[in-house]
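Chain and residue survey
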Amino acid sequence: PKIKPNRWQNIIAHHSATPNGNAKIFDQHHRVRQGRNHGLAYHFVIGNGTNSRDGKVEIGGRWLKQVNGGHVSNVTYNANSIGICLVGNFERTHPSKAQLVSLIELTDYLKNRVFSGKLKFLVHNEIEKTFAPAVIFPAQDFANYLPDPSNTDKSNIV
């Protein structure tokens, strides 16, 4: 897509709060059950091995079209934040290692390569009262997992 570099300010991580799913399933749910004209509320979905490969990054239409997310209730955050959803209910289970590696690599790519370090990483419950992505997600340590952009060795992540 033709990326609008000054538009995006944040990356917000979510969990689906479901044991399974993928971008197509969530797109259908968001269109039919929630009445969202743009469908999938997130820009990216990371699979857990149920309906897509564990750790697979699926690119949503909102990213391809560079349109607002629908992943938070705050209009400003939807307009300036990239939404990434990891499939799984992290109130009951941990994200898989493959999901965390993909989230780290995607965040590193967006934050350091595409946007030159300008994006801030957040989890959903940092901006709204919610359990997403829940207590089991390692949000406190996530910044430590992000590789130093000057170091190309990624063997020590997760």
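Notes on the structure follow. (Residues numbered from 1 in each chain as written. Predicted model: local features only at pLDDT ≥ 70, side-chain atom pairs only at ≥ 80, totals over all residues. Heavy atoms only, no water.)

Let us look at unusual backbone geometry. Of note in this structure, Ala17 is not a glycine but carries a positive phi near 65°. Mapping Ala17 onto the fold places it in the loop between strand S1 (10–15) and helix H1 (23–32). (Helix = DSSP H or I, 4+ residues; strand = E, 2+ residues; numbered from the N terminus.)

With respect to topology, five strands assemble into an open sheet ordered S3-S2-S4-S1-S5, the strand pairing being mixed. Strand pairing shows two members of the sheet lacking a second neighbour, strand S3 (57–59) and strand S5 (120–123), which therefore form its edges. Mean inter-strand twist for the sheet, computed between neighbouring axes without regard to direction, equals 25°. Judged from the four bridges that link them, S1 and S5 form a sheet pairing that is parallel. Looking across to S5, one finds that Asn10 is bridged to Lys120. This element, helix H4 (residues 97–114), spans S1, strand S2 (44–46), S3, strand S4 (81–86) and S5 of the sheet and lies at about 170° to S4. (Pairing = 2+ DSSP bridges. Axes fitted to C-alpha atoms, helices over the stretch in contact; angles between N-to-C directions. Contact = heavy atoms within 4.5 Å.)

On to the packing of aromatic side chains, then. Tallied over the entire structure, the rule returns two aromatic pairs. Ring geometry for Trp8 versus Trp63: centroids 5.9 Å apart, planes at 40°, classification tilted. Within this pair, whereas Trp8 is found in the segment before S1, its partner Trp63 is found in helix H2 (residues 61–65), the two being separated by 55 residues in sequence. Given the relative accessible area of 3%, Trp8 is considered buried. On the basis of relative accessibility, which here comes to 6%, the residue Trp63 falls in the buried class. Look at Phe44 and Trp63: their rings are 5.4 Å apart centre to centre, the planes differ by 45°, and that puts the pair in the tilted class. Separated by 19 residues along the polypeptide, Phe44 in strand S2 and Trp63 in helix H2 bring together distant segments of the chain. Note on accessibility: Phe44 and Trp63 belong to one class, buried. (Phe/Tyr/Trp six-rings, centres within 6.5 Å; stacked < 30°, edge-to-face > 60°. Buried < 20%, exposed > 50% of the residue type's maximum accessible area, 1.4 Å probe, protein only.)

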